[in-house]
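Examining the three-dimensional arrangement
Each chain, letter by letter, is given below.
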Amino acid sequence: MMEEHTARAAAAAAVPLPLHSESPHISRHATAFNRVFAAFYAAAILTLFFYHLASLLYPASFTSFFVSVLLFLSDVVLALFWAVTQTNRMIPLRRREFPGNLEQLLKQDSDFPALDVFICTADPYKEPPMNVVNTALSVMAYEYPTQKLSVYVSDDGGSALTLFAFIEAARFAGEWLPFCRRNGVVERNPDAFFASNKDSNSEKEKIKIMYEQMKMRVENALAKGKVEDEFIDGEEERMGLDKWTKSFTPRNHPPIIQVLSESSKNKDMPNLIYVSREKNAASHHHFKAGALNALLRVSAVMTNAPIILTLDCDTYSNDPQTPSRVLCYFLDPKVATNLSYIQFPQRFHGLSKNDIYASEYKRLYLFNPVGMDGLLGPAYLGTGCFFARRSFFGGPSSFEAPELSNLHPNHVVETPIKSREVLDLACVVAGCEYETHTKWGSKLGFRYGSLVEDYFTGYLLQSEGWRSIFCNPDRVAFYGDAPMNLLDAVNQVKRWVIGLLEVTFSKYSPVTFGVRSIGLLMSLSYCHNLLWSFLFFPVSVYAFLPQLALINGVSIFPKVSNPWFVLYAFLCLGAYGQDLVEFLLDGNALKKWWNDQRIWSIRSLSSYLFASIEFSLKSLGVSGFGFNVTSKVVGQEQSKRYEQELFEFGASSPMFVPMATAATVNLVGFGGGVIRIWRSRGVWEELFGQMVVAGFVVANCWPLYEAMAFRKDGGKLPPKITFLSFFLALLLCSFAAFLF
Ligand SMILES: O=c1ccn([C@@H]2O[C@H](COP(=O)(O)OP(=O)(O)O[C@H]3O[C@H](CO)[C@@H](O)[C@H](O)[C@H]3O)[C@@H](O)[C@H]2O)c(=O)[nH]1
Ligand SMILES: [Mn+2]
């Protein structure tokens, strides 16, 4: 009896408890419905093309031919966009991790694999050092053996203020980390913790005061633009800050590497290392990808952890257990062999109630990754992503050796991180010239050649045979900042789209290279983003053409009584309806969806349009572009308006001109249509489709009318832009009067 029991226990021990599971993200019925709907929708699109071809072949006049061509081309782009969205609905996956079961593998601290965290920052004024410090503290306080954890901060802004903030942070961490552990704090970003925990006790009061004092010192230094002598403590700190000589500028300075906290000296603290790679005017620094590659090498020399977490400076940890979730995959030999990265969704804090600029990017950061996870895995989203270091050195079965043996992913570091030898080598690998004649950026590390280094790198890793995993636990793992004014929001997407165009027209285009290396469905998923830039065309056509025709009483869509009208209605309602249902099922309010669909058109008429222009100019050699960092600070007035969900225009940017012109033309078109229908009732059947389109755009443009005519605050549309758009609308109307 006893024997049998022991035997059973032994058998149970031999079968390890699962570390993770996967299941379909949506019910089988929902997937089946999606497929049937997709089949119907595809048939409807084909029928529409038949209709278009017929009108192209037998045009009534030159004008109707011209109109048909524009509508046909627009619908081709929209149909392609629809088609590439479908792949993400085919096999959406939901994953679960069981970190509790890790105990079987991790009996003591030394069993844990080491983890290197990379945090990138680039500008102390757009990315306040205190926020970066909060991000760093939130990960330094991970529930993870401190001896196995190192946090590297890359400062592309080359700012003494950021270094000073981190000197302060290292000191504060000595109190903060034990405080979190003693009290089982879950919110380990101090700022978020103090904001949400109002009740106080003496211990909390004490630490809050320390935090406030640190914050004051850092913010004072920032306001003065320099670090006062009185705040510098000891020779080591002085020597670090002394590197900022007269000739030091953010674009021209030697490499600076400072170890601010060392786990071998203080067993309760992880390593904290400040890195500002060398910069000079003669060498290209490849923006964030360059910074990450410098960190890959510096960290290889110092700690060489097999697992790496990349974070933007604003992406703080909201869950100290996150590394354990990741280990559920990295420690499972069945998935680990070809696993490159585990991506968490990008989530944002401080969004307005209905997210007016749709900064949440539900589709990009949630729906699409879930869909891609059923294939080879999600795209890399730039932040909140854990990598296997090995995957930066060639495919799973084709190793690319780095030029120095110390950078080899299996190299074991035995020298203390503060030794001269290590620091000197770290400075060499953080130098400008280091990458010349090496494979960094092409075969090794993060890839160069696109402003969306995340998308490009993830895609190329997958094409080498790696796969990725999307991890979306119930408790949000990371929170970041979203742009809080319209110009920042559209400029950010413009930068992305330029980066995507760089990929589209490179030799690695998903359309050609991708289909061969990652298969049709995966490359279609990647094409979803590539098609963004082309959307400016159909959206411009639908924002102007039906309305200009309407002003002139010309019908361009089928009459309501015509059977073809049903087809149009099905295609429009179907696309918008499915989008709406997916949003509502995800638990979002209707208003949030409304804002999301509005921004889709706004981005098309601003970001996508201007990105296409800038990319063409660059290709012709007329101008260049760079990585314009999104500001993570907002003024008080602005933030109040954001809370009230008022669109923030304020600046006179050409980006606003097309949307303001569309708003004007649609209002005039809708008004003109109403008058025509009122004058002769019979025409409503012919103009109905155009009235619906114009009415829909007018409803969408409400914030623009407000900003043009009714608002007095600093966020209104500058009169210059309003008048320019009136003028352009007049020009368009005159042209239309001539055309129709
Ligand atoms: O030369 C540079 C430029 C930027 N950054 C850092 O890159 C990060 C992202 O910059 P941000 O201005 O916030 O850009 P976003 O458009 O918000 O970033 C999204 O898009 C980027 C790709 O375009 C990804 O790298 C990001 O992870 C992703 O969140 C920030 O931490 C910056 O400090 C650098 O380190 N060096
Ligand atoms: Mn950002």
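As the structure is a computational prediction, the values presented were derived from the model and not from experiment.

This part takes up the site of ligand 1. Around ligand 1, 24 residues are found, and the nearest of them are Asp156, Glu453, Gln492, Thr630 and Lys632. Contacts to ligand 1 include Glu453, whose side-chain N or O atom sits 2.5 Å from an oxygen atom. The contact in question runs from an oxygen atom of ligand 1 to an N or O atom on the backbone of Thr630, over 2.7 Å. Relative to its unbound accessible surface of 690 Å², ligand 1 loses 96% to contact with the protein. Elements that contribute at least two residues to the shell around ligand 1 include exactly β3 (115–121), α9 (287–302), α14 (453–463) and α15 (486–504). In terms of residue class, the shell around ligand 1 is built from ten nonpolar, six polar and eight charged.

So, on to the packing of aromatic side chains. Centre-to-centre distance and the angle between the planes together describe a pair of aromatic rings. Under the criterion given, the structure shown has 59 aromatic pairs. Considering the side-chain rings of Tyr341 and Phe387, the 5.3 Å spacing of their centres and the 50° angle between planes classify their relative orientation as tilted. Of the two residues, Tyr341 sits in strand β9 (residues 339–343) while Phe387 sits in strand β10 (residues 385–388), which places them 46 residues apart along the sequence. Classification of Phe387 as buried rests on a relative accessible area of 0%. Judged by centre distance (6.0 Å) and plane angle (85°), the rings of Phe393 and Trp440 are edge-to-face. Highlighted residues: Phe393 in the loop between β10 and β11 (394–395) and Trp440 in the loop between α13 (420–429) and α14, separated in sequence by 47 residues. Take Phe393: its relative accessible area is 1%, and that puts it in the buried class. Linked through ring pairs, Phe50, Tyr51, Tyr542, Phe557, Trp564 and Tyr568 together constitute an aromatic cluster. Over the aromatic face of Trp440 sits the side chain of Arg297, whose NZ or CZ is 4.9 Å from the ring centroid. A cation sits over an aromatic face here: Arg495 above Phe627, 4.0 Å from the ring centre.

Once that is clear, we can look at the domain arrangement of the protein chain. Split by domain assignment, the protein chain resolves into domain 1 (28–78 + 528–616 + 643–739) and domain 2 (99–482). Measuring from the centre of the C-alpha atoms in domain 1 to the corresponding centre in domain 2 gives 42 Å. Note on domain 1 versus domain 2: buried area summed over both sides is about 1700 Å², and carbon and sulfur give 52% of it. On the domain 1 side of the interface with domain 2, the three residues burying the most area are Lys592, Arg603 and Glu645, jointly 29% of the side's total. Where domain 1 meets domain 2, there are four salt bridges. For Arg363, the salt bridge is made with Asp579, and the minimal N-O distance between the two is 2.6 Å. Across the contact surface, domain 1 and domain 2 share 14 residue pairs in polar contact (both at pLDDT 80 or more). Where the side of domain 1 that touches domain 2 is concerned, the elements lending two or more residues are α17 (520–530), α19 (563–585) and α20 (590–619).

What follows is about the packing of α14 against α17. Close contact between α14 and α17 brings their axes to 12 Å; oriented N to C, the two are set at 170°. Relative to α17, the element α14 lies roughly antiparallel. Together, Tyr455, Gly458, Tyr459 and Gln462 of α14 and Met522, Tyr526, Cys527, Asn529 and Leu530 of α17 make up the contact between the two elements. Classifying every residue of the contact of α14 with α17 gives six nonpolar, three polar and no charged.

Where burial is concerned, most of strand β7 (residues 307–312) is hidden: five out of the six residues are buried. In this sheet, β10 lies alongside β7 in antiparallel orientation, the contact comprising four bridges. Across the sheet, Ile308 pairs through a bridge with Phe387, a residue of β10.

So, about the nonpolar core. Counting residues in hydrophobic clusters, the biggest one holds 73 residues, and the most contacted among them are Ile257, Val298, Met302, Phe387, Tyr526 and Trp532. For this core, the leading source of residues is α9, giving eight residues. For this core, the two domains that each supply at least three residues are domain 1 (28–78 + 528–616 + 643–739) and domain 2 (99–482). Contacts of Phe387, omitting those with residues within four sequence positions, involve Pro306, Ile307, Ile308, Thr310, Phe330, Ser340, Tyr341, Tyr380, Phe392, Phe446 and Leu461.

We now examine the pattern of salt bridges. Within this structure, the stated rule accounts for 37 salt bridges. Residues Arg420 and Asp424 are paired through a salt bridge, measuring 3.3 Å at the closest nitrogen-oxygen approach. Highlighted residues: Arg420 and Asp424, both in helix α13, separated by four residues, approximately one helical turn. Counted as one network, the salt bridges with shared partners bring together Glu637, Arg641, Glu648, Arg711 and Asp713.

About the thresholds
- What you see as residue numbers is a count from 1 along each chain, following the sequence as written.
- Here every chain gets a letter starting at A, and every ligand a number starting at 1, in the order they are written.
- Selection of residues for local features in this predicted model requires a pLDDT of at least 70, selection of side-chain atom pairs for listing and counting requires 80 or more, and totals for whole chains, interfaces and linings are taken over all residues.
- With hydrogens and water set aside, each side-chain value is computed from the structure's full complement of heavy atoms.
- Here a residue counts as near a molecule or strand whenever at least one of its heavy atoms sits within 4 Å of it.
- We call two N or O atoms a polar contact when they sit within 3.5 Å, provided that within protein one can donate a hydrogen and the other can accept it, with sequence-adjacent residues counted only if both atoms are side-chain atoms.
- Only the protein chains shown count as covering a residue, and every accessible area follows the Shrake-Rupley method with a 1.4 Å probe.
- Only DSSP runs of H or I covering at least 4 residues are called helices, and only runs of E covering at least 2 are called strands; the numbering of each starts at the N terminus.
- Under this grouping Gly is polar, as are all residues other than the nonpolar Ala, Val, Leu, Ile, Met, Phe, Trp, Tyr, Cys and Pro and the charged Asp, Glu, Lys and Arg.
- Each pair of aromatic rings taken from Phe, Tyr and Trp, with Trp reduced to its six-membered ring, is defined by centres within 6.5 Å and is described as stacked if the planes are under 30 degrees apart, edge-to-face if over 60, and tilted in the remaining cases.
- For every residue, the accessible area obtained with a 1.4 Å probe (protein chains only) is divided by the maximum for its type, and the residue is called buried under 20%, exposed over 50%, and partly exposed between those limits.
- The criterion is that NZ of a Lys, or CZ of an Arg, lies within 6 Å of the ring centre and within 35 degrees of the ring normal, and then a charge sits over that ring.
- Here the bounds of each domain stem from an automatic or database domain assignment.
- Here the quantity called buried area is the accessible surface, traced with a 1.4 Å probe, that two parts lose on coming together, added over both.
- Salt bridge, as used here: a side-chain nitrogen of Lys or Arg that lies within 4 Å of a carboxyl oxygen of Asp or Glu.
- To obtain an axis, a line is fitted to C-alpha atoms, over the contacting stretch when the element is a helix, and the angle between two such axes runs from 0 to 180 degrees between their N-to-C directions.
- We call two directions roughly parallel when the angle between them is under 35 degrees, roughly antiparallel when it is over 145, roughly perpendicular when it lies between 65 and 115, and oblique otherwise.
- Any two residues having at least one pair of non-hydrogen atoms within 4.5 Å are treated as being in contact.
- Any two strands with at least two DSSP bridges between them are considered paired.
- In this description, a nonpolar core means a group of buried Ala, Val, Leu, Ile, Met, Phe, Trp, Tyr and Cys residues linked to one another through side-chain atoms lying within 4.5 Å.

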